[in-house]
Amino acid sequence: MSKRSRDPAINKLREVKAEAESLGIPETIINGLQAVDDLATAREDYCDSKTSTASEPMAALIKDTLEHPWQNVYEEGKTAWNITPRMMSGNLEGYVLKFLVSASKSKNVLEVGMLTGCAALGMAEVMPDDGKVVTCEIDPYLVDLARKLMDRSPHGKKVEILTGPAIESLNGLAKKNQKFDFIFIDADKPGYCDYFNICFSELLAPGGTIAMDNALFGGKPYMEDSPPNEGVTKFNNMIVTRKDIYYVLMPIRDGIMLIRRKEDMNGTV
Ligand SMILES: C[S@@+](CC[C@H](N)C(=O)[O-])C[C@H]1O[C@@H](n2cnc3c(N)ncnc32)[C@H](O)[C@@H]1O
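Checking UniProt for the chain, the heading Sequence similarities (unreviewed entry) contains the comment "Belongs to the class I-like SAM-binding methyltransferase superfamily. Cation-dependent O-methyltransferase family."

Peer 1: Sorry, what's going on with the overall build of the chain here?
Peer 2: Counting secondary structure elements, the chain contains 11 helices and seven strands. Residues classed as buried in the chain amount to 46% of the 269 residues present. Taking as baseline every contact in the chain between residues at least 6 positions apart, the subset at least 24 positions apart corresponds to 67%. Just so you have it, the chain exposes about 14200 Å², and 56% of that area is on carbon and sulfur atoms. Distance between charge centroids for the chain: 5 Å, based on 32 positive and 39 negative side chains.

Peer 1: Just to check I follow, could you spell out helix α2 (residues 27-49) for this structure?
Peer 2: An α-helical segment advances 3.6 residues per turn. Residues three or four places apart therefore align on the same side. Taking 1.5 Å per residue, 23 residues should reach 33 Å; α2 reaches 31 Å between its end C-alpha atoms and fits that length. Among the residues of α2, I30, L33 and D37 are the ones counted as buried. Residues of α2 that are buried make contact with α1 (8-22).

Peer 1: When you look at the domain arrangement of the chain in this model, what are you seeing that I'm missing?
Peer 2: Note: interface size is frequently given as the accessible area lost on complex formation between the parts. Annotation of the chain at the domain level lists domain 1 (8-49) and domain 2 (56-265). The gap between the C-alpha centroids of domain 1 and domain 2 is 32 Å.

Peer 1: Can you walk me through the site of the ligand in this structure?
Peer 2: Taken together, 21 residues sit near the ligand, with S89, G113, E137, A166 and D186 positioned nearest. Taking E137, its side chain carries an N or O atom lying 2.6 Å from an oxygen atom of the ligand. A166 has a polar backbone atom sitting 2.8 Å from a nitrogen atom of the ligand. Of all the cavities here, the one that holds the ligand is the second largest pocket.

Peer 1: Explanation requested: the pattern of salt bridges in the structure shown.
Peer 2: Oppositely charged side chains may form a pair once their charged atoms are brought near each other. Taken as a whole and assessed by the stated rule, the structure comprises 14 salt bridges. We note a salt bridge from E21 to K17, for which the minimum N-O separation is 3.4 Å. Residue E21 and its partner K17 are both found in helix α1; the two are separated by four residues, about one turn of the helix. Given the relative accessible area of 44%, E21 is considered partly exposed. Judged by its relative accessible area of 17%, K17 is buried. Salt-bridge contacts for E76 lead to K78; the nearest nitrogen and oxygen are separated by 2.9 Å.

Peer 1: I keep staring at unusual backbone geometry and nothing clicks. Help me out?
Peer 2: Most peptide bonds are trans, and most residues other than glycine sit at a negative phi. One non-glycine residue, L115, adopts positive backbone phi at about 55°. Within the secondary structure layout, L115 lies in the loop between β1 (108-112) and α6 (118-125). Taking relative accessible area as the criterion, L115 reaches 10% and is therefore assigned buried. The phi dihedral of R253 is positive, around 50°, even though this residue is not glycine. Following the sequence through the fold, R253 ends up in the loop between β6 (245-250) and β7 (256-261).

Peer 1: Just to check I follow, could you spell out the nonpolar core for this structure?
Peer 2: Nonpolar side chains in soluble globular proteins tend to be buried together. One finds W70, V109, M123, V133, M150, F182 and F184 to be the most contacted residues of the largest nonpolar core, which totals 37 residues. Of all the secondary-structure elements, those providing two or more residues to this core are α3 (56-67), α4 (70-75), α5 (90-103), α6, α7 (140-150), β3 (159-163), β4 (180-185) and β7. Among the elements that take part in this core, α7 stands out by supplying seven residues, more than any other. With sequence-adjacent residues up to four places away left out, F182 is seen in contact with L97, L100, V101, S106, N108, V109, L110, M123, T209 and A211. Listed in part, the 32 residues of the second largest apolar core include A174, I185, M257 and I259.

Procedures and definitions
Residues numbered from 1 in each chain as written. Predicted model: local features only at pLDDT ≥ 70, side-chain atom pairs only at ≥ 80, totals over all residues. Heavy atoms only, no water. UniProt positions renumbered as here; feature names shortened; annotations may be inferred. Helix = DSSP H or I, 4+ residues; strand = E, 2+ residues; numbered from the N terminus. Buried < 20%, exposed > 50% of the residue type's maximum accessible area, 1.4 Å probe, protein only. Contact = heavy atoms within 4.5 Å. Areas by Shrake-Rupley, 256 points an atom, 1.4 Å probe, with all protein chains shown as cover. Lys, Arg positive; Asp, Glu negative; His and termini not counted. Charge placed at Lys NZ, Arg CZ, Asp CG, Glu CD. Expected span 1.5 Å × (residues − 1). Domains from an automatic or database assignment. Near = heavy atom within 4 Å. Polar contact = N/O pair within 3.5 Å; in protein donor to acceptor, adjacent residues only side chain to side chain. 1 Å grid on protein atoms, 1.4 Å probe; cavity = no way out; pocket = protein on both sides within 12 Å on 5 of 7 lines; lining within 4 Å. Sits in = over half its atoms within 2 Å of the grid points. Salt bridge = Lys/Arg side-chain N within 4 Å of Asp/Glu carboxyl O. Core = buried A, V, L, I, M, F, W, Y, C linked by side-chain atoms within 4.5 Å.

Here it is, written out as structure tokens:
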């Protein structure tokens, strides 16, 4: 069976196909189920192929992240958890972020949850020389690795890493009254509501935009048996009760929710 998809409909389809095979259902039906799976995969691949290619340092960062011996470093106790490169934003989502940062002419960007620096470096690539990406990461192993991977690019110098629990870093930035034009939140999902609240009320510059990654979270938020008060589902349910924002959930990869203050958009759309 192929690796698990982010789309629960495809995973369900694969289960049904496996069951059909075990029941000896006619081959035409099995082939039909496989054709649906292939079409869904082709859609993702097509989007990738119709997206600009990564810069050389970015391509190298992505390759090195994919090939890193994550299992070994975890077993050696170097990382806090067994990291999977699927956590990485990648080239397609990276370009979505680049477009948002570049179209908004953002000069100060904040990221919550860095991994190996894919999104951080990507956003830095489209920012002016005096632009800055501040990114928060809890795992010291990732901080060292990302620093090395990003510093192979001339844009790496625009990225400042804050090591430690994101909530502490965000509180520290708020105390210093720092403001950001664009904020990308992509760390632990139980922290989403807290990260959003402090980012929205303290750190977002006037006219700024927040992007929350994994808003579809593998389909969990819209599955019937999904607990409403956990992680991304809780966050999504909280967002729709707010009267002071506009929001849109874009079904790109695992879902990206964009959020802006109503006062920044009223009369401009
Ligand atoms: C999905 S990955 C981020 C992917 C990254 N934005 C990219 O572009 O590839 C989530 C990251 O958040 C980090 N993280 C998890 N909990 C955290 C916390 N409480 N504070 C800071 N970082 C955290 C993880 O170590 C991991 O590197």
